[in-house]
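Breakdown of the fold
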Amino acid sequence: MIVLAVVCAVMGAASNAVGTAFQRKAASSVSRGGGFRLLAALVRRPAWVIGIAGVMGAALFQALALVNGPMALVQPLFILELPFALLVAAPLMHRRLPAKGWWAVGAVVTGLALVLAAAAPAGTRNQAAMVRWVPVLALLLGAMAAAVVLARPARSPLFRAASLATAAAIGNALTAALMKSATGRLADAGLPAFLATWQTYGFALVGICAVLLLENSLQAGSLAASQPALTIGDATMSLVLGVILFNEHIRTGWWILPEAAGALLIVWGVVRLTRVVPHLIELAH
């Protein structure tokens, strides 16, 4: 089951990479507007439709991964989305990834492997009591709203992109938690239980909000500002939610040292990737 969860998570990261790349291309072609006006403009662009198809494929793989493995294991694997995006973009644009880019990719993959091997996430629960859900929902939805308020137009493009990406990251993590609970109902009791549980509609609503926040973040500024917050924020918040909501376990004690070393490698690699090869990440057109 764990192997299946890992395979589905990696395939989901690859699908999401393709989706994000095409969404970025579509969002960068819209000169002005935000919120639902931006979404209305994007739906008429073929690149955005392809991007959403990639995201939908990623959601399917993500659901399969979450129902077969702990959230604290599955969601951090989506960090691989950024290296995958670069590996897809390079041949697509007839460019070669520079040596520094390969070093950054290696750092991300090595750091992720180190974190997951040291933490050894474990857990089999798919459901959480409402006494856990209520404070989590209040805190995370409040944090998303605060990030949106901070990203007002008067702010710099870099700050707005990072703030909106942070809100999107929180939304992605919360969507994953709600999806894990809803798909758990589907696996345990079938379609009627899936349609009857509030988490099903919760992950659909929060997921739509996260997509909208992502689109506005991509339009507000470069990936150098938004991608680190989006990638690292999603993985970190997902790990925390796995522990708090589903009672998942990670190793502590001296294991924190290799976990911290792996996390630093990931941060360095992600930041480096967004700065070493901006022409690939931005999908200039």
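Residues numbered from 1 in each chain as written. Predicted model: local features only at pLDDT ≥ 70, side-chain atom pairs only at ≥ 80, totals over all residues. Heavy atoms only, no water.

The phi dihedral of Ala120 falls on the positive side, at around 45 degrees, and the residue is not glycine. For Asn247, which is not glycine, the phi torsion reads 55 degrees and is therefore positive.

Turning to the nonpolar core, a few remarks are in order. Core analysis: the largest hydrophobic core is formed by 60 residues, its most contacted members being Trp133, Leu174, Leu241 and Leu245. Here this core gets 14 residues from one element, more than from any other, and that element is helix α8 (residues 157-189). (Core = buried A, V, L, I, M, F, W, Y, C linked by side-chain atoms within 4.5 Å. Buried < 20%, exposed > 50% of the residue type's maximum accessible area, 1.4 Å probe, protein only. Helix = DSSP H or I, 4+ residues; strand = E, 2+ residues; numbered from the N terminus.)

Moving on, we get to the environment of Ala118. Of note, Ala118 is situated in helix α6 (residues 99-119). Between the C-alpha atoms of Ala118 and Leu257, which are 139 residues apart in sequence, the distance is 8.8 Å. Discounting chain neighbours no more than four positions away, the residues touching Ala118 are Arg251, Trp255, Pro258 and Glu259. (Contact = heavy atoms within 4.5 Å.)

The contact between helix α7 (residues 130-150) and helix α10 (residues 198-220) brings their axes to 13 Å, and the two run at 15 degrees. Judged by the inter-axis angle, α7 sits roughly parallel to α10. Two packed elements cross with a definite hand, and for α7 against α10 that hand is left-handed. Contacts between α7 and α10 involve Met130, Trp133, Leu137, Met144 and Val148 on the former and, on the latter, Trp198, Gln199 and Leu213. Counted by class, the contact of α7 with α10 contains 7 nonpolar, 1 polar and no charged residues. (Axes fitted to C-alpha atoms, helices over the stretch in contact; angles between N-to-C directions. Parallel < 35°, antiparallel > 145°, perpendicular 65-115°, else oblique. Left-handed = near helix turned anticlockwise from the far one by under 90°. Nonpolar A, V, L, I, M, F, W, Y, C, P; charged D, E, K, R; others polar.)

Here we take up the confidence of the model for the chain. Of the residues in the chain, 85% reach a pLDDT of 70 or more, and the chain-wide mean stands at 83. The low-confidence segment residues 281-285, where pLDDT is below 50, has 15 contacts with residues more than four positions distant or belonging to other chains. (pLDDT = per-residue confidence, 0-100.)

Our next topic: helix α3 (residues 46-68). Since one α-helical turn is 3.6 residues long, residues separated by three or four positions face the same way. Spanning 23 residues, α3 covers 34 Å between terminal C-alpha atoms, matching the ideal 33 Å at 1.5 Å per step. Of the residues making up α3, those classed as buried are Ala47, Trp48, Gly51, Ile52, Gly54, Ala58, Gln62, Ala63, Ala65, Leu66 and Asn68. (Expected span 1.5 Å × (residues − 1).)

In this section: the packing of aromatic side chains. Tallying each qualifying case throughout the model produces 3 aromatic pairs. Between Trp254 and Trp255 the ring centres are 4.3 Å apart and the planes differ by 25 degrees, which places this aromatic pair in the stacked class. With a relative accessible area of 57%, Trp254 lands in the exposed category. The exposure class assigned to Trp255 is partly exposed, which follows from its relative accessible area of 25%. The side chain of Lys180 reaches across the aromatic face of Phe246, ending 5.8 Å from its centre. For Arg251, the ring lying beneath its charged end belongs to Trp255, and the centroid distance is 3.7 Å. (Phe/Tyr/Trp six-rings, centres within 6.5 Å; stacked < 30°, edge-to-face > 60°. Lys NZ or Arg CZ within 6 Å of the ring centre and 35° of its normal.)

The next point concerns the environment of Cys209. Relative to the helices and strands, Cys209 is located in helix α10. For Cys209, a relative accessible area of 36% gives the class partly exposed. Residues Cys209 and Asn172 lie 37 residues apart in sequence; the distance between their C-alpha atoms is 9.2 Å.

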